[in-house]
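Residue-level structural notes
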Amino acid sequence: MKIVFATNNSHKLTEIRQILGQQIEVLSLSDIGCHADIPETADTLEGNALQKAQYVCDHYHISCFADDTGLEVDALNGEPGIYSARYAGEGHDSEANMQKLLSKLGDNNNRNARFRTIIALLLVKDGEVEQHLFEGSVEGTIIREHRGTTGFGYDPIFQPDGYDTTFAEMGLEAKNKISHRAKAVEQLAEFFKNEHNPT
């Protein structure tokens, strides 16, 4: 089965393809010739994920899924949330985003945070479109300094609960066992498995 993942983020594609394995061929936006800057103007993760998937579905008439992920920091009332990728500006600069977050947190001892991923799946079947949503989250702590070199985004300053390493220190394989995106994708994979092997 082929399906489009509405992203050109190579890190996300690698993670998703690794988790889904061989059962699904995951195409990127560039694989289908889509180079549009798909808008993300909703005020929730669910809304943004649906907006991206809907764009591909409407323009290319193909089954598609899209994700939106936010880092929610308790002491900052859930910031950066839907603005996680562009927290410090439209340049999607991970280093600048982390610096802004650490600066806003300052010496605050409440470092509780979570990553939350929503996957919106639009499945084209017999001319109809089915909509499904999957959610994954992981609780953790924002540490005070960068640690680790793998991963992307806020990984060097996010330490998941129960671990003494950041996402950026544990490597992709270990991260994929516990991450927010992994949990959401596992639900997606389970859905596809049940679709192909109905009981």
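Now for a look at the structure at hand. Bear in mind that the values here come from a model prediction, so they are computed numbers and not experimental data. (Residues numbered from 1 in each chain as written. Predicted model: local features only at pLDDT ≥ 70, side-chain atom pairs only at ≥ 80, totals over all residues. Heavy atoms only, no water.)

1. Description of the overall build of the protein
- Each helix and strand in the protein was counted, giving 5 helices and 7 strands.
- In the protein, the order of α-helices and β-strands from amino to carboxyl end is β-α-β-α-β-β-α-β-β-β-α-α.
- Whereas a compact globule of 199 residues would reach a radius of gyration of roughly 16 Å, the protein reaches 17 Å, a difference of no more than 12%.
- Principal-axis analysis of the C-alpha atoms gives the protein an extent of 55 × 35 × 25 Å.
- The buried share of the protein, taken over its 199 residues, is 45%.
- When the accessible surface of the protein is summed, it comes to about 9800 Å², and 46% of that surface belongs to carbon and sulfur atoms.
- If the 18 positive side-chain charges of the protein are averaged to one point and the 31 negative ones to another, these points end up 3 Å apart. (Helix = DSSP H or I, 4+ residues; strand = E, 2+ residues; numbered from the N terminus. Rg over C-alpha atoms; globule rule 2.2 N^0.38 Å. Buried < 20%, exposed > 50% of the residue type's maximum accessible area, 1.4 Å probe, protein only. Areas by Shrake-Rupley, 256 points an atom, 1.4 Å probe, with all protein chains shown as cover. Lys, Arg positive; Asp, Glu negative; His and termini not counted. Charge placed at Lys NZ, Arg CZ, Asp CG, Glu CD.)

2. What to know about the nonpolar core
- Counting 19 residues, the largest nonpolar core has Leu71, Val73, Leu101, Ile142, Tyr154, Ile157 and Phe158 as the members making the most contacts within it.
- Secondary structure elements with two or more residues in this core: strand E3 (64–73), helix H3 (94–105), strand E5 (112–125), strand E6 (128–142) and helix H4 (167–178).
- A per-element tally of this core places H3 first, with 4 residues.
- Residues contacting isoleucine 142, with those up to four places away along its chain left out, are Leu71, Val73, Leu101, Leu102, Leu105, Arg111, Ala113, Ile157 and Phe158.
- Residues Ile3, Val26, Phe65 and Leu188 belong to the second largest nonpolar core, which totals 18 residues. (Core = buried A, V, L, I, M, F, W, Y, C linked by side-chain atoms within 4.5 Å. Contact = heavy atoms within 4.5 Å.)

By themselves, these observations are geometric and do not establish any function.
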